[in-house]
Amino acid sequence: MSDVAACRGSEEPVVDDVDEDSPAEEDGEEVSRKADVEGQETQLRIRLPLSRIKALMKSDPDLTLASQESAFLVCKSTELFIAALAKLAFTKTQQGKRKTVQKRDVDAIIPDCDELTFLEGTV
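Residues numbered from 1 in each chain as written. Predicted model: local features only at pLDDT ≥ 70, side-chain atom pairs only at ≥ 80, totals over all residues. Heavy atoms only, no water.

1. Overview of the confidence of the model for the protein chain
Low-pLDDT portions of the prediction should not be read for the details of their coordinates. Residues with a pLDDT of 70 or more make up 64% of the protein chain, whose mean pLDDT is 76. The least confident element of the protein chain, judged by mean pLDDT, is helix H1 (residues 3-7) at 53; the most confident is helix H3 (residues 68-95) at 93. Segment residues 9-29 is flagged for pLDDT under 50; beyond a separation of four residues in sequence, or across chains, it makes 32 contacts in the model. (pLDDT = per-residue confidence, 0-100. Helix = DSSP H or I, 4+ residues; strand = E, 2+ residues; numbered from the N terminus. Contact = heavy atoms within 4.5 Å.)

Shown next as structure tokens:
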């Protein structure tokens, strides 16, 4: 499969199933939020610090008020974006028969993927 085809993959986001007794750390490495997906109760995990995401959101002068849910969604979407970018870069690394992802791998996938054209010149 080419990089562009992998970029346009129709994968659904993965939702981790976690039992209700697992601890949730506020502002630490993991924060859990409950969600109802097709009638099944699951917990969504985030690994980026939520307080830093909120601080970044508050630093925007155009943003006057942000709810807890919006900060969570920005955090989760950022994680999914980073995971997809890393997966594409790792695929490029494997094609080069190497084991370490390098900056040039990330640079190489940006022109191949239409969804990543906004990153041209930034990386």
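Moving on, there is more to tell.
2. Focus: unusual backbone geometry
Notably, lysine 97 is not glycine yet its phi reads approximately 55 degrees, a positive angle. Relative to the assigned elements, lysine 97 resides in the loop between H3 and helix H4 (103-112). For lysine 97, a relative accessible area of 76% puts it in the exposed group. (Buried < 20%, exposed > 50% of the residue type's maximum accessible area, 1.4 Å probe, protein only.)

3. Looking at the packing of helix H2 (residues 50-58) against H3
With their axes 9 Å apart at the nearest point, H2 and H3 run at an angle of 105 degrees to one another. Between H2 and H3, the interaxial angle falls into the category roughly perpendicular. Within the contact between the two elements, H2 uses Leu50, Ile53, Lys54 and Met57 and H3 uses Gln68, Ser70, Ala71, Phe72, Val74 and Cys75. A breakdown of the residues in the contact of H2 with H3 according to their chemical character gives seven nonpolar, two polar and one charged. (Axes fitted to C-alpha atoms, helices over the stretch in contact; angles between N-to-C directions. Parallel < 35°, antiparallel > 145°, perpendicular 65-115°, else oblique. Nonpolar A, V, L, I, M, F, W, Y, C, P; charged D, E, K, R; others polar.)

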